[in-house]
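# Summary of the model geometry
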Amino acid sequence: MTERDQRTVKIGAALAVLYLACFYGPTLWRRLDRTRADYLALVHQADQIRQELAPYERRGADLQRLMTTFKLDPARLNRATVVADASAAIQKSAAGGVQLGPIRESAGRTTAKELASIQLEASGQVTAVMAFLHRLNTLGYPLVVESVQISAGGAGGGGGRPGMMMGGPGMGGAPGMIKLSLVITILDYEQWKAAEVRRV
């Protein structure tokens, strides 16, 4: 192929490229621009969805942490028997050094999202009673200790001044014994869950 033929081929190729660019370039550019716009729209939509889901992810993590900490699994709770089950769990947790007195159950306040309220008295050595109080948080039921009254003396004594932590001579109770008067509220977990969903 001569030099003149090569130059002719190059000119022809340049003209062909110019022709394609003139007639198909705008269409190709619009298509690329539309593809880019669709991609940006998808990215924006994904960001919006991510922002909408962020509160749920945080709440889910918080809920999982609380469920782990308090050993609470709402899925296994039976609304019909949760009050009786919680009361039985409280009595069982007192085993090992804590004596329970009469347990009185009353209906909870619906406006406060409560299932029931339990009043009880417990007595025992300081360490045993404090361990009992700590175990209430890990029984696997939605319990809230609403009030605690502590007095000196246990089952063997007539008690002392509220707030006294240790019995002693002349206080009417055995040394190292304390008495608790507790009011425990069982929350209506379904109402709390519904309110949380509405708030989100």
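For the structure itself, consult the block above.
Just so you know, these numbers come straight off a predicted model, no measurement behind them. (Residues numbered from 1 in each chain as written. Predicted model: local features only at pLDDT ≥ 70, side-chain atom pairs only at ≥ 80, totals over all residues. Heavy atoms only, no water.)

Moving on, we come to the overall build of the protein chain. Of the regular secondary structure elements, the protein chain holds four helices and four strands. Along the chain direction, N to C, the helices and strands of the protein chain fall in the order α-α-β-β-α-β-β-α. Across the 200 residues of the protein chain, 25% fall into the buried class. Looking at the protein chain alone, contacts between residues at least 24 apart form 68% of all its contacts between residues at least 6 apart. On the protein chain, roughly 13600 Å² of surface is accessible, and the fraction owed to carbon and sulfur atoms is 59%. (Helix = DSSP H or I, 4+ residues; strand = E, 2+ residues; numbered from the N terminus. Buried < 20%, exposed > 50% of the residue type's maximum accessible area, 1.4 Å probe, protein only. Contact = heavy atoms within 4.5 Å. Areas by Shrake-Rupley, 256 points an atom, 1.4 Å probe, with all protein chains shown as cover.)

Listed in full, the buried residues belonging to helix H3 (residues 126–135) are Val126, Ala128, Val129, Phe132 and Leu133. On its buried side, H3 packs onto helix H2 (82–93), strand E1 (98–107), strand E2 (114–125) and strand E4 (177–187).

Turning next to the sheet that holds E2. Strands in a sheet are paired, the pairing made by backbone hydrogen bonds, and the direction either parallel or antiparallel. The four strands lie next to each other as E1-E2-E4-E3, forming an open sheet whose pairing is antiparallel. For this open sheet the edge positions go to E1 and strand E3 (143–152), each flanked by a neighbour on one side alone. For this sheet, the mean inter-axis angle between neighbouring strands, taken without regard to orientation, is 15 degrees. Relative to E4, E3 runs antiparallel, the two sharing nine bridges. Counted as the bridge partner of Val148 is Leu182 from E4. (Pairing = 2+ DSSP bridges. Axes fitted to C-alpha atoms, helices over the stretch in contact; angles between N-to-C directions.)

Another aspect to go through is the side chain of Asp188. Mapped onto the elements, Asp188 comes out in the loop between E4 and helix H4 (189–199). Each residue touching Asp188, except ones within four places of it in the same chain, is listed here: Arg79, Lys113, Glu114 and Leu115.

Of all hydrophobic cores here, the largest spans 28 residues; its most connected members are Ile90, Phe132, Leu136, Tyr141, Leu143, Leu182 and Ile184. At the level of elements, H2, E2, H3, E3 and E4 are the ones that each hand at least two residues to this core. Sequence-distant contacts of Ile184, defined by excluding residues within four places in its chain, comprise Ile90, Ala116, Ser117, Ile118, Leu120, Leu136, Leu143, Val144, Val145 and Glu146. (Core = buried A, V, L, I, M, F, W, Y, C linked by side-chain atoms within 4.5 Å.)

What follows is about the environment of Val129. Mapped onto the secondary structure, Val129 falls in helix H3. Through-space distance from the C-alpha of Val129 to that of Lys179 is 8.3 Å; in sequence the pair is 50 residues apart.

Right, let's talk about the environment of Leu72 for a bit. Note on placement: Leu72 falls in the loop between helix H1 (3–70) and H2. On the basis of relative accessibility, which here comes to 21%, the residue Leu72 falls in the partly exposed class.

This brings us to the pattern of salt bridges. Per the stated rule, a full pass over the model turns up two salt bridges. Asp47 is the salt-bridge partner of Arg50, the closest N and O atoms lying 2.7 Å from each other. Here Arg50 pairs with Asp47, and both are found in helix H1, just three residues apart, close to one helical turn. With a relative accessible area of 32%, Asp47 lands in the partly exposed category. (Salt bridge = Lys/Arg side-chain N within 4 Å of Asp/Glu carboxyl O.)

Another aspect to go through is the pairing of E4. Burial runs high along E4: eight of the eleven residues are buried. Of the strand pairs in this sheet, E2 and E4 are connected by eleven bridges, and their pairing is antiparallel. Residue Gly124 lies in a different strand from E4, and its bridge partner there is Ile178.

Coordinates in, geometry out; function isn't part of it.
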